[in-house]
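# Fold and contact review
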Amino acid sequence: MELWFSERHTSNVKLSIKVEKQLYSGQSDYQRIDIYESKEFGRFLTLDGFMMMTEKDEFIYHEMITHVPMMVHPNPERVLLIGAGDGGAVRELVKYENVKQIDLVEIDEMVVEVSRKYLSKTACALDDPRLQIHYEDGLKHIRSCENQYDLIIVDSTDPFGPGEGLFTREFYGSCYKALRKDGIMVNQHESPFYEEDVAAMQRAHKRIVESFPISYVYQAHIPTYPSGHWLFGFASKKYHPVKDLKREAFRDAGLNTRYYNPKLHIGAFSLPTYVEELLRDVE
């Protein structure tokens, strides 16, 4: 008998991956956590039946959510990660020697524990001495922060369930307050392709534009996310995501990346016309 994992992307579209075996299934206080093994995508993590990451394509997401802001800010020393319990964003951040402190705020401790055990390629940097993990709600944590961080990365789940509070106007306003005077915030911004996802994407964009003086959207191709076309938000108090790109810093750092590079960085902010129109509708 064949075992397949299927995720509904719309009422008419599903993503299905043939599963070799299920490695883990558990229920935390917040969500159901499953780890599967597949031939095509390696091991993959789902939360409440929604795909979070696969070993084959997670590098695209994690490189784009970390290296884009890191290559714009001139000296990001203190970084706040909200969500990111699988450790992928941490793995990319610790490649930078100038990063002195990483605070990871993850509401669900079980996500971190399961990732450590079953997703070692992604969670390989969770013991870095610069990392401190806080198991609490991201919105609650950020409310008490002011002028603390150079960079905030919001690596949240979709805007419902445990991740719902990370898409509110209050949350983005609190992020602005928690950043230093030249701070940057990036977030996963959902997909613009399917009609069912567009409203969440537009809502997030509108609230970020209202909170930050500089706000842009960029994109990446991630095969296992709905439609494969995924957006990220770049919000800043001071820096332009393309004009202030430090091209030489990428070369000097000797970063080992598989997706991100400075040319791609520039191109990622050149959006398809239909996406520009969707974003224009909410500004």
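Residues numbered from 1 in each chain as written. Predicted model: local features only at pLDDT ≥ 70, side-chain atom pairs only at ≥ 80, totals over all residues. Heavy atoms only, no water.

This brings us to the pairing of strand β1 (residues 3–10). When β1 meets strand β2 (residues 13–19), the two strands line up antiparallel, connected through 7 bridges. Residue Trp4 lies in a different strand from β2, and its bridge partner there is Lys18. What sits between the antiparallel neighbours β1 and β2 is a turn of 2 residues. (Pairing = 2+ DSSP bridges. Helix = DSSP H or I, 4+ residues; strand = E, 2+ residues; numbered from the N terminus.)

On to the nonpolar core, then. Leu81, Tyr218 and Phe232 are the most contacted members of the largest nonpolar core, which has 44 residues in total. Counting residues per element, this core draws most heavily on helix α1 (residues 58–70), at 7 residues. Within the second largest apolar cluster, 19 residues are counted, among which are Val154, Phe171, Cys175 and Ile208. (Core = buried A, V, L, I, M, F, W, Y, C linked by side-chain atoms within 4.5 Å. Buried < 20%, exposed > 50% of the residue type's maximum accessible area, 1.4 Å probe, protein only.)

Taken as a whole and judged by the stated rule, the model has 16 salt bridges. In this structure, the salt-bridge partner of Glu92 is Lys95, at a minimum N-O distance of 2.8 Å. Given the relative accessible area of 2%, Glu92 is considered buried. With a shortest N-O distance of 3.3 Å, Asp150 and Arg180 are connected by a salt bridge. With Asp150 in strand β10 (residues 149–155) and Arg180 in strand β11 (residues 179–188), this residue pair connects regions lying 30 residues apart in the sequence. (Salt bridge = Lys/Arg side-chain N within 4 Å of Asp/Glu carboxyl O.)

Once that is clear, we can look at helix α5 (residues 169–178). Buried within α5 are the following residues: Phe171, Tyr172, Ser174, Cys175 and Ala178. For α5, the angular spread of buried residues about the axis comes to 160°, placing them on one side. The secondary structure elements touched by the buried residues of α5 are β7 (78–83), α4 (138–143), β10, β11 and α6 (195–211). (Arc of directions from axis to C-beta. Contact = heavy atoms within 4.5 Å.)

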